[in-house]
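Each chain, letter by letter, is given below.
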Amino acid sequence: MMTSLPQSAQPLVDPQGRTIRYLRISVTDRCDLRCRYCMAEQMTFLPRAALLSLDEIAIIAERFIARGVTKIRLSGGEPLVRRDVGDLVRRLGRHVGTGLDELTMTTNATRLESYAGAMVDAGIRRINVSLDSLDADRFRYITRHGDLDQVLRGIAAARAAGLAVKINMVALAGLNEDEIPAMLRWCVDEGHDLSLIETMPLGAIDEDRTDRFVPLTRVLADLQTQFALARDSHRTGGPARYWRVGDSKTRLGLISPLTANFCDGCNRVRLTTEGKLYLCLGHDDQVDLKAALRDGGIEGLDVAIDIGLSRKPARHDFRIASGAAPAVARHMSVTGG
Ligand code: SAM
Ligand code: SF4
């Protein structure tokens, strides 16, 4: 597709006065794992014809950069299962230092071993890796068939290539809650950061999330009896609150969308692999950027982005209630975690 990029455009400010600087892109809704809190065992994925092409993803991302976005995270589904993701990383990596402050990725690390070097070459400096257990059997159970060794090799390759790693761990009652202190200790030993996440009511799965929900207030109280945790002022405009762990390099983040609302400082929007722009993880409202770009080029894209922004909700409304339907029907893998 040939599309010229106008150089200047209005910055992205929503009706609440929040400036949007962070774009998350789900490059595929597919995944090679089936984490129980994220997906059902049998999933219906989008037909390939419905997806944005790599060129379209890059054009939309570049438009957001021209309009003031300084951070892009590639996610999914599993971003590294999309065959042309390396080309996208290289293309967007060209903007790092000239518009983009940071290009990053969230991955399950099953294919990280073969991608880590290329990611560093493209300008990626930090990644998030999902790892919900360090016990091979538990890991296989939670992911339905994941191989812990493969993931640990991916993480080791990332570190060897020079990437900083933040581990994402979803706290799950009866599955890994008892392992959280050991995970934090491992992260301290390995020099990783750790973010603990409350399970969110996104998309239908095969079990009731209520049974697995762990309030991070409880986890924090427990960790404080075992570690010297000092509040850290680091903020990302996102849901995490941070702590320093003793005199280590490790930063502990708690992502508590259920027990702490964080929407006032929200600086992000999300693009799905189908080209829909979601203004909030917890709402269904979206605009179709794929149609806008295909029908109206960059001007059409700008109009659609502005319409979307004017509808960005003030806050999400997540609740975990026994037997209740998920807050939104789409899975995290559609919008990109
Ligand atoms: N496949 C990649 C991975 O797992 O890192 C990227 C996509 S995944 C959807 C991104 C993050 O969302 C992961 O850290 C995952 O644990 C988290 N996640 C998925 N479903 C969730 C849910 N319902 N509640 C909370 N976190 C969730
Ligand atoms: Fe796949 Fe990531 Fe969802 Fe697990 S959390 S099923 S790895 S998209």
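Residues numbered from 1 in each chain as written. Chains lettered and ligands numbered in written order. Predicted model: local features only at pLDDT ≥ 70, side-chain atom pairs only at ≥ 80, totals over all residues. Heavy atoms only, no water.

1. Let's talk about the site of ligand 1
Part 1 of the reasoning: Looking at ligand 1, there are 19 residues lining it, with Y37, G77, S130, N168 and M200 nearest.
Part 2 of the reasoning: Here a nitrogen atom of ligand 1 sits 3.2 Å away from a polar atom, N or O, in the side chain of E78.
Part 3 of the reasoning: When ligand 1 sits alone it has 540 Å² of accessible area, and the protein chains cover 96% of it.
Part 4 of the reasoning: Taken together, the elements giving at least two residues each to the shell around ligand 1 come down to β3 (102-107), β5 (164-171) and β6 (193-198).
Part 5 of the reasoning: In terms of residue class, the shell around ligand 1 is built from six nonpolar, 10 polar and three charged. (Near = heavy atom within 4 Å. Polar contact = N/O pair within 3.5 Å; in protein donor to acceptor, adjacent residues only side chain to side chain. Areas by Shrake-Rupley, 256 points an atom, 1.4 Å probe, with all protein chains shown as cover. Helix = DSSP H or I, 4+ residues; strand = E, 2+ residues; numbered from the N terminus. Nonpolar A, V, L, I, M, F, W, Y, C, P; charged D, E, K, R; others polar.)

2. Side note on the site of ligand 2
Part 1 of the reasoning: In the vicinity of ligand 2, the contacting residues are C31, L33, R34, C35, Y37, C38, G77 and N108.
Part 2 of the reasoning: Among the residues forming the shell around ligand 2, the class breakdown is five nonpolar, two polar and one charged.

3. Looking at unusual backbone geometry
Residues other than glycine predominantly adopt negative phi, and peptide bonds predominantly adopt the trans conformation.
Part 1 of the reasoning: Backbone geometry places A109, a non-glycine residue, at a positive phi of 75°.
Part 2 of the reasoning: Here A109 is to be found in the loop between β3 and α3 (112-121).
Part 3 of the reasoning: For R144, which is not glycine, the phi torsion reads 75° and is therefore positive.
Part 4 of the reasoning: Considering the arrangement of structural elements, one finds R144 in the loop between α4 (136-143) and α5 (148-161).

4. Points about the pattern of salt bridges
Part 1 of the reasoning: With the rule as written, the count across this model stands at 20 salt bridges.
Part 2 of the reasoning: A salt bridge links E56 to R294, with the shortest nitrogen-to-oxygen separation between them at 2.7 Å. On the criterion of sequence distance, the pair formed by E56 in helix α1 (residues 54-66) and R294 in helix α8 (residues 289-310) is long-range, its members being 238 residues apart.
Part 3 of the reasoning: Residue class for E56 comes out buried when judged on its relative accessible area of 4%.
Part 4 of the reasoning: Exposure remark for R294: the relative accessible area of 45% places this residue in the partly exposed category.
Part 5 of the reasoning: Salt-bridge contacts for K276 lead to E274; the nearest nitrogen and oxygen are separated by 3.7 Å.
Part 6 of the reasoning: What makes E274 partly exposed here is its relative accessible area of 22%. (Salt bridge = Lys/Arg side-chain N within 4 Å of Asp/Glu carboxyl O. Buried < 20%, exposed > 50% of the residue type's maximum accessible area, 1.4 Å probe, protein only.)

5. Concerning the UniProt feature "binding site: [4Fe-4S] cluster 1" (unreviewed entry) in the protein
Part 1 of the reasoning: Look at the UniProt record and you will see "binding site: [4Fe-4S] cluster 1" (unreviewed entry) annotated at C31, C35 and C38.
Part 2 of the reasoning: Within the secondary structure, C31 is located in the loop between β1 (22-26) and α1.
Part 3 of the reasoning: Not counting the four nearest positions on each side in its chain, C31 is found in contact with M39, F45, G77, E78 and N108.
Part 4 of the reasoning: With respect to the helices and strands, the residue C35 is situated in the loop between β1 and α1.
Part 5 of the reasoning: Those residues in contact with C35, other than ones at most four positions away along the chain, are I142, T143 and R144. (UniProt positions renumbered as here; feature names shortened; annotations may be inferred. Contact = heavy atoms within 4.5 Å.)

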